[in-house]
Amino acid sequence: MNITHPQQQEQEVEEEEGEKEDEKANNEWKFKLSTVISSQSSTSSRAASDTVGVLEFDPSDQLLATGGIARKIRIYNISSLLLGDTTSLRKLDHLTACEYYICTPAKLSSIRWKPNTSGSVIGSGDYDGVVTEYNLEKRVPVFERDEHGGRRIWSVDYSHWVGASGSDDGTTQLWDTRCRGDECVAVVQPSVGRSPVCSVEFDPFGSGLIAMGCADRNAYTYDVRKTDKPVSVFVGHEKTVSYVRFLGEHMMVTAGTDGCLKLWNTVNAHSMRTFKGHVNYRSFVGLSVWRNGGLIGCGSESNEVFVYDKRWSEPIWLGGLEGTLGPESEDKFVSGVCWRQQVKEDECTLVAGGSDGALQVYLGKKKA
């Protein structure tokens with residue numbers, strides 16, 4: 001006769017429930033590749049100079065902007081990318097799929113739609129350390145500030161009437177977007193050693209916080225009304241914190257080049273969960289959160305897109321980017337991702353950009 005100890009029974013029940021939860025996580029959503037946009041006439045060598053570094057949907061979720069090494073801000077209408085039969089894969093060329101583009105003087109590392117402009121102005125940060133805002137209706141620059149001493153800007157963000165830029169110079173600079181001058185209202189240096197600031201984001205849930213991810217392996221939050229010292233320091237990554245994104249009220253996700261994502265409680269700086277599965281040890285592969293659905297998207301140096309649910313540590317889905325430009329290369333990777341922040345809870349759209357310049361649109365649907 002076999003006798004099971006009560007603690008062993010409890011452990012077996014927990015393991016069984018955990019297996020059921022993992023099975024539920026892997027079967028809750030179904031994703032399919034809908035559209036691929038590439039430069040079909042390009043060669044492989046040319047594609048290497050067209051890496052998509054950043055993707056951003058406008059506030060209406062109808063326009064997609066991309067930027068990167070090609071020194072262009074490209075604007076796409078998502079309805080035209082998804083036009084027609086969504087049951088079969090569509091393959092488009094950038095020349096015909098792009099609504100229009102704006103040439104920029106330097107390589108772009110960040111773009112963000114400026115609030116309170118009805119989607120008519122977009123801001124960018126570039127490799128020359130310059131923040132430039134463009135009027136999309138006239139397709140001309142309307143504002144420029146150069147306060148980082150020529151050091152590369154990694155990230156730009158806006159909150160109501162405040163703009164922010166994080167740079168290789170180890171600072172985040174804040175300015176009043178209503179003033180046409182370029183004077184700072186605050187300069188924040190998160191790390192004592194002036195480690196590069198790789199990502200900045202204002203909390204969209206009204207806490208008054210701005211988050212910063214740094215090369216010193218830490219993330220920080222500051223109150224924009226009092227920037228002399230951080231509100232919280234988030235310690236746990238083993239390498240550079242490349243991205244910070246607010247997922248919900250009192251929740252923030254960070255990505256590191258240590259190959260993991262982390263979910264944090266912003267009130268007490270407690271690590272709530274670590275996500276692993278993707279490959280990320282060298283490059284910036286993108287991070288985006290779908291706040292309405294609690295999903296997290298990131299790229300991978302394995303040339304795959306990964307989707308995580310905030311409730312589980314393992315990925316709930318992953319998909320490989322199709323080779324669209326010449327022979328397959330070991331150096332290809334996903335370099336940027338972006339969710340549409342639409343209101344439906346059972347459908348979603350995720351766009352990924354590759355190091356070869358290709359875009360891929362994935363449609364997600366919650367299973368009944």
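Just so we're clear, the structure is a prediction, and the values are computed from it rather than from any experiment.

**A few points about the nonpolar core**
- Formed by 18 residues in total, the largest nonpolar core has its most connected members in Phe 31, Leu 295, Val 305, Val 307 and Trp 339.
- Mapped by element, the contributors of at least two residues to this core are strand 1 (29–38), strand 25 (304–309), strand 27 (334–339) and strand 28 (347–354).
- The element best represented in this core is strand 1, accounting for four residues.
- By size, the runner-up hydrophobic cluster in this structure holds 17 residues, among which are Leu 55, Ile 78, Ala 97 and Cys 338.

**What to know about the confidence of the model for the chain**
- Taken over all residues, the pLDDT of the chain has a mean of 89, while the share at 70 or more is 86%.
- Low pLDDT, under 50, characterises residues 1–19; the predicted model gives this stretch one contact beyond four residues in sequence or across chains.
- In the model, residues 42–47 has pLDDT below 50 throughout and makes eight contacts with residues more than four positions away in sequence or in other chains.

**Quick word on the packing of aromatic side chains**
- Under the defined criterion, the tally for this structure stands at 11 aromatic pairs.
- On the numbers, 5.7 Å between centres and 75 degrees between planes, the contact of Trp 29 with Trp 290 is edge-to-face. Here Trp 29 is found in strand 1, whereas its partner Trp 290 is found in strand 23 (residues 287–290), with 261 residues between them in sequence.
- Here Trp 29 falls in the buried class, since its relative accessible area comes to 5%.
- Judged by relative accessible area, Trp 290 falls into the buried class, the value being 0%.
- Three or more aromatic residues link up through ring pairs in this structure, and these residues are Trp 29, Phe 31, Trp 290, Trp 317, Trp 339 and Tyr 362.

**Considering the sheet that holds strand 29 (residues 359–366)**
- The five strands are arranged 5-1-29-28-27 in an open sheet whose pairing can be described as mixed. Because the sheet does not close on itself, it has two edges, and the strands there are strand 5 (90–93) and strand 27. Ignoring which end each strand starts from, the neighbouring axes of this sheet average 25 degrees apart.
- Sheet topology note: the strand 1/strand 5 ladder contains four bridges and is parallel. Opposite Ile 37, over in strand 5, you have Leu 92 as the bridge partner.

Quick notes on the rules
- Residues numbered from 1 in each chain as written.
- Predicted model: local features only at pLDDT ≥ 70, side-chain atom pairs only at ≥ 80, totals over all residues.
- Heavy atoms only, no water.
- Core = buried A, V, L, I, M, F, W, Y, C linked by side-chain atoms within 4.5 Å.
- Buried < 20%, exposed > 50% of the residue type's maximum accessible area, 1.4 Å probe, protein only.
- Helix = DSSP H or I, 4+ residues; strand = E, 2+ residues; numbered from the N terminus.
- pLDDT = per-residue confidence, 0-100.
- Contact = heavy atoms within 4.5 Å.
- Phe/Tyr/Trp six-rings, centres within 6.5 Å; stacked < 30°, edge-to-face > 60°.
- Pairing = 2+ DSSP bridges.
- Axes fitted to C-alpha atoms, helices over the stretch in contact; angles between N-to-C directions.

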